[in-house]
Amino acid sequence: DTGVSQDPRHKITKRGQNVTFRCDPISEHNRLYWYRQTLGQGPEFLTYFQNEAQLEKSRLLSDRFSAERPKGSFSTLEIQRTEQGDSAMYLCASSSQGAREGHEQFFGPGTRLTVL
Amino acid sequence: QQQVKQSPQSLIVQKGGIPIINCAYENTAFDYFPWYQQFPGKGPALLIAIRPDVSEKKEGRFTISFNKSAKQFSLHIMDSQPGDSATYFCAASMEGYRGSTLGRLYFGRGTQLTVWP
């Protein structure tokens, strides 16, 4: 399977705990995005990497959130001291930079986070 | 502030009907307009996309109509099937200027489509 993969698919945690999600983009894709989707809403942008550099962060990304993409390959999203409001689907997408192809983002299956 | 406004919120059609989903935007810097299909518990899947230099694009049973002057675009699904029942999202993005690249997608709130057999 050469699509975007995410792990875990589901995570249930207690309020105050830390969680970490992983995203493996499509091979050779140098752009990687994280989005958050709550029930009945469209995905909302969280952050963006081009290779290993984090180039943009949404105001939605509080200090409790941190993302990394070491070596420009897989990425991790960590949420510290989780709150019930963090419950959502966390989506990862990747794309390749190009004159016309760079916009096409391919999404992974998401990680469903439930904070009790 | 919702950068892309989508309607209707839900849509029910009979098999063979032609559901139409509409989206509107304000930011004229947007230069890429994709549609995504999402099934419950899955990530969004890219369906079809258009750039503002064309007014229509067809791929199979899916057609995007684009009206640059009105800043509106719509998705038409020809000969709809029960398997098309899903949530559809329109989105928009832009490349940055002076070499910077953005590409982040601004999504509409989604349209839940139900196609009855």
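Here the structure is shown first, and the text comes after it.
All of these numbers come straight from a predicted model, not from anything done at the bench.

1. A short note on the packing of aromatic side chains
Then, number 1: With the rule as written, the count across this model stands at 20 aromatic pairs over all chains.
Then, number 2: The rings of Tyr 33, Tyr 35, Phe 45, Tyr 48 and Phe 107 of chain A together with Tyr 36, Phe 89 and Phe 107 of chain B are connected pair by pair, giving a single aromatic cluster.
Then, number 3: We note Arg 22 of chain A situated over the ring of Phe 74 of chain A; from NZ or CZ to the ring centre the distance is 3.9 Å.

2. Quick look at the pattern of salt bridges
Then, number 1: For the structure shown, the criterion picks out 7 salt bridges over all chains.
Then, number 2: Linking Arg 104 of chain B and Glu 56 of chain A is a salt bridge whose minimum nitrogen-to-oxygen distance equals 3.0 Å. A residue pair is termed interchain when its members come from two chains, as with Arg 104 of chain B in the loop between strand S9 (86-92) and strand S10 (106-107) and Glu 56 of chain A in strand S6 (residues 53-57). Each of the two residues, Arg 104 of chain B as well as Glu 56 of chain A, counts as buried.
Then, number 3: For Glu 83 of chain A, the salt bridge is made with Arg 64 of chain A, and the minimal N-O distance between the two is 3.4 Å.

3. Here's the deal with the interface of chain A and chain B
Then, number 1: Between chain A and chain B, the residue contacts involve 24 residues of the former and 23 residues of the latter.
Then, number 2: Counting each side, the surface lost to burial between chain A and chain B is near 2000 Å², with a carbon and sulfur contribution of 48%.
Then, number 3: Joining chain A to chain B, the criterion identifies 1 salt bridge.
Then, number 4: Where chain A meets chain B, there are 5 residue pairs in polar contact (both at pLDDT 80 or more).
Then, number 5: Counting residues per element, the ones that place at least two in the side of chain A that touches chain B are strand S4 (31-37), strand S5 (44-50), strand S9 (88-95) and strand S10 (106-107) of chain A.
Then, number 6: For the side of chain A that touches chain B, the element with the highest residue contribution is S4 of chain A, accounting for 4 residues.
Then, number 7: The residue makeup of the side of chain A that touches chain B, split by class, is 10 nonpolar, 9 polar and 5 charged.

Calculation criteria
- Residues numbered from 1 in each chain as written.
- Chains lettered and ligands numbered in written order.
- Predicted model: local features only at pLDDT ≥ 70, side-chain atom pairs only at ≥ 80, totals over all residues.
- Heavy atoms only, no water.
- Phe/Tyr/Trp six-rings, centres within 6.5 Å; stacked < 30°, edge-to-face > 60°.
- Lys NZ or Arg CZ within 6 Å of the ring centre and 35° of its normal.
- Salt bridge = Lys/Arg side-chain N within 4 Å of Asp/Glu carboxyl O.
- Helix = DSSP H or I, 4+ residues; strand = E, 2+ residues; numbered from the N terminus.
- Buried < 20%, exposed > 50% of the residue type's maximum accessible area, 1.4 Å probe, protein only.
- Contact = heavy atoms within 4.5 Å.
- Buried area = accessible area lost by both parts, 1.4 Å probe.
- Polar contact = N/O pair within 3.5 Å; in protein donor to acceptor, adjacent residues only side chain to side chain.
- Nonpolar A, V, L, I, M, F, W, Y, C, P; charged D, E, K, R; others polar.

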